[in-house]
Amino acid sequence: MFNTLIVGILFGCASVSSYQVIPVSSSPLIGASASTFWDCVTKNVYYGDYFGSGTGPVLFRYDWVANIHYSASIQGYSGGVSNLIPMSCAPNQFVAVLGSCAAAVYWDGFSATAIKLREIFCVDQNFANHVVTYAKADPKRRLFSGTAQVSYCDGKVPAESSLYRYDRLQGVVRNFGGLRASSAMDWNILTGHFYHKDVCQHNIMEYKWSPFTGELTNGRSIFQFTNETSVANGMVIDKFGMLYVTLYNASSVVKIDPRTSTTVETYMLPARFPTSITFCGPLLDSLCVNTGNVAVDTNTGSIAKESITPSDGKLYMIKGLSTSARGHCDRKVCL
């Protein structure tokens, strides 16, 4: 079913553990996935291709039990998809992020073509070169979404991207601006903290999150990345509050303790460009990590002339995590 590619030894703070990096054999090659979603009920992994174009597939479903991938294009749409989130209130419907808008899309998970049903909301419409790069539901099922300017970290362009939240009662609310390229977010439900990652800022920001309003306050940096050649990109939190961050251009995932601002463990991958990450598996004891086969120069947003290997662009699983590493079910939405 799977071929183990890497076996590593982790020397943690209190224990030594081994892990296995396993490429999903049915995985298609994609440009980049901005978000990976694990459905705890159906045991499926859902994601999109941010660099999809033309009439090719941009939606992907990995059936964990059958070890089969399914893919689809969106009828009448020729761009990329940064997020694919199942809806809890409508069978076979998803929130798909298309450019600067979130749309309701119908896909039965098998057909080669999906159908866009309606636009749910759009943001940053006054900026011609802004897109939504990441979206995720908070514990109250409000959809948070962050935008990016296509020039990414170009210092000549003002940092005018923003983080938004949306629900059916309030509509779109802007949490804050001053971003360049929002790439990941997650919540610690027990402590009421929200964590955010901007690929152009070499740190992780922590905010106090209100479960009643969704407002974010008291932002502060809780971790600083020191390797300037890599880009901290995707991020997910476990049940004990540890953060797992993909390092684009560095073939790795790092486990970070936000309370002590320290790196606890590092997992190495055979692919150079890991992008999005989530916990997966029936016990939520594995990590599903998507990688890209398109190299992006984050200083300009352009495609870089970098060598790509056959290992790049696949979906990987990291198994054999420490016994304390258990994730949460990814949250569906009803919009």
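As shown above, the structure is provided for reference.
The paragraphs below set out a description of the structure included in this document.

Definitions and limits used
- Residues numbered from 1 in each chain as written.
- Predicted model: local features only at pLDDT ≥ 70, side-chain atom pairs only at ≥ 80, totals over all residues.
- Heavy atoms only, no water.
- Helix = DSSP H or I, 4+ residues; strand = E, 2+ residues; numbered from the N terminus.
- Rg over C-alpha atoms; globule rule 2.2 N^0.38 Å.
- Buried < 20%, exposed > 50% of the residue type's maximum accessible area, 1.4 Å probe, protein only.
- Areas by Shrake-Rupley, 256 points an atom, 1.4 Å probe, with all protein chains shown as cover.
- Lys, Arg positive; Asp, Glu negative; His and termini not counted.
- Charge placed at Lys NZ, Arg CZ, Asp CG, Glu CD.
- Contact = heavy atoms within 4.5 Å.
- Disulfide = S-S within 2.5 Å.
- Pairing = 2+ DSSP bridges.
- Axes fitted to C-alpha atoms, helices over the stretch in contact; angles between N-to-C directions.
- Patch = residues over 30% accessible without salt bridge, like charges linked within 9 Å, V, L, I, M, F, W, Y side chains within 5 Å.
- Salt bridge = Lys/Arg side-chain N within 4 Å of Asp/Glu carboxyl O.
- Phe/Tyr/Trp six-rings, centres within 6.5 Å; stacked < 30°, edge-to-face > 60°.
- Lys NZ or Arg CZ within 6 Å of the ring centre and 35° of its normal.

### Details of the overall build of the protein chain
Link 1 in the chain: Looking only at helices and strands, the protein chain features zero helices and 27 strands.
Link 2 in the chain: Rg of the C-alpha trace for the protein chain: 18 Å, near the compact-globule value of 20 Å for 335 residues, within the 12% margin.
Link 3 in the chain: Buried positions account for 58% of the 335 residues belonging to the protein chain.
Link 4 in the chain: When the accessible area of the protein chain is evaluated, it comes to approximately 13400 Å², of which 53% is carbon and sulfur surface.
Link 5 in the chain: One finds the centroid of the 26 positive side-chain charges in the protein chain at a distance of 5 Å from the centroid of its 23 negative side-chain charges.

### Examining the environment of Tyr-134
Link 1 in the chain: Position of Tyr-134 relative to the elements: it lies in strand β11 (residues 130-137).
Link 2 in the chain: When the C-alpha positions of Tyr-134 and Val-97 are compared, they lie 8.2 Å apart, and in sequence the two are 37 residues distant.
Link 3 in the chain: Beyond its immediate stretch of four places on either side in the chain, Tyr-134 contacts Ala-34, Ser-35, Asn-83, Phe-144, Ser-145, Gly-146, Ser-182, Ser-183, Ala-184, Met-185 and Met-235.

### Overview of the state of the cysteines
Link 1 in the chain: Summed over the entire model, instances satisfying the criterion amount to five disulfides.
Link 2 in the chain: In this model Cys-280 forms its disulfide with Cys-288; the gap between the sulfur atoms is 2.3 Å. Negative torsions about the S-S bond denote left-handed disulfides, and the value of about 95 degrees found for Cys-280 with Cys-288 makes this one right-handed. Like Cys-280, the residue Cys-288 is buried in the burial classification.
Link 3 in the chain: The connectivity of the disulfide-linked cysteines in the protein chain, indexed sequentially, is 1-9, 2-10, 3-4, 5-6, 7-8.

### Some remarks on the sheet that holds strand β22 (residues 262-268)
Link 1 in the chain: Within the open sheet, the four strands sit side by side as β19-β20-β21-β22. Their pairing is antiparallel. With one partner strand each, in any of the chains shown, β19 (231-237) and β22 form the two edges of the open sheet. Between one strand axis and the next, the sheet turns by 25 degrees as a mean value, whatever way the strands run.

### Remarks on a nonpolar patch on the surface
Link 1 in the chain: Taken together, the side chains of Tyr-106, Ile-115 and Leu-117 define a hydrophobic patch exposed on the protein surface, amounting to about 250 Å² of accessible area.
Link 2 in the chain: With respect to the secondary-structure elements, Leu-117 resides in strand β10 (residues 113-122).
Link 3 in the chain: Its relative accessible area of 43% is what places Leu-117 among the partly exposed residues.

### Here's the deal with the sheet that holds strand β16 (residues 193-198)
Link 1 in the chain: Taken in spatial order, the four strands line up as β15-β16-β17-β18 in an open sheet, and their pairing is antiparallel. Of all strands in the sheet, those with a lone pairing partner are β15 (182-188) and β18 (216-224), marking the two edges. Direction aside, the axes of adjacent strands within the sheet are offset by 25 degrees on average.

### Quick look at the packing of aromatic side chains
Link 1 in the chain: Tallied over the entire structure, the rule returns 16 aromatic pairs.
Link 2 in the chain: Look at Tyr-19 and Tyr-267: their rings are 5.2 Å apart centre to centre, the planes differ by 80 degrees, and that puts the pair in the edge-to-face class. Of this pair, Tyr-19 sits in strand β2 (residues 16-23) while Tyr-267 sits in strand β22, and the two are 248 residues apart along the sequence. With respect to burial, Tyr-19 and Tyr-267 carry one shared label: buried.
Link 3 in the chain: The interplanar angle of 40 degrees and the centroid separation of 4.9 Å between the aromatic rings of Tyr-248 and Phe-273 together place this pair among those described as tilted. Taken together, the positions of Tyr-248 in strand β20 (residues 243-248) and Phe-273 in the loop between β22 and β23 (274-280) put the pair 25 residues apart, joining distant regions of the chain. By the burial criterion, Tyr-248 is buried, and Phe-273 matches it.
Link 4 in the chain: A network of ring pairs unites the aromatic residues Phe-144, Phe-176, Trp-187, Phe-194 and Tyr-207 as a single cluster.
Link 5 in the chain: Seen from the ring of Phe-110, Arg-61 lies directly overhead, with NZ or CZ sitting 4.7 Å from the centre.

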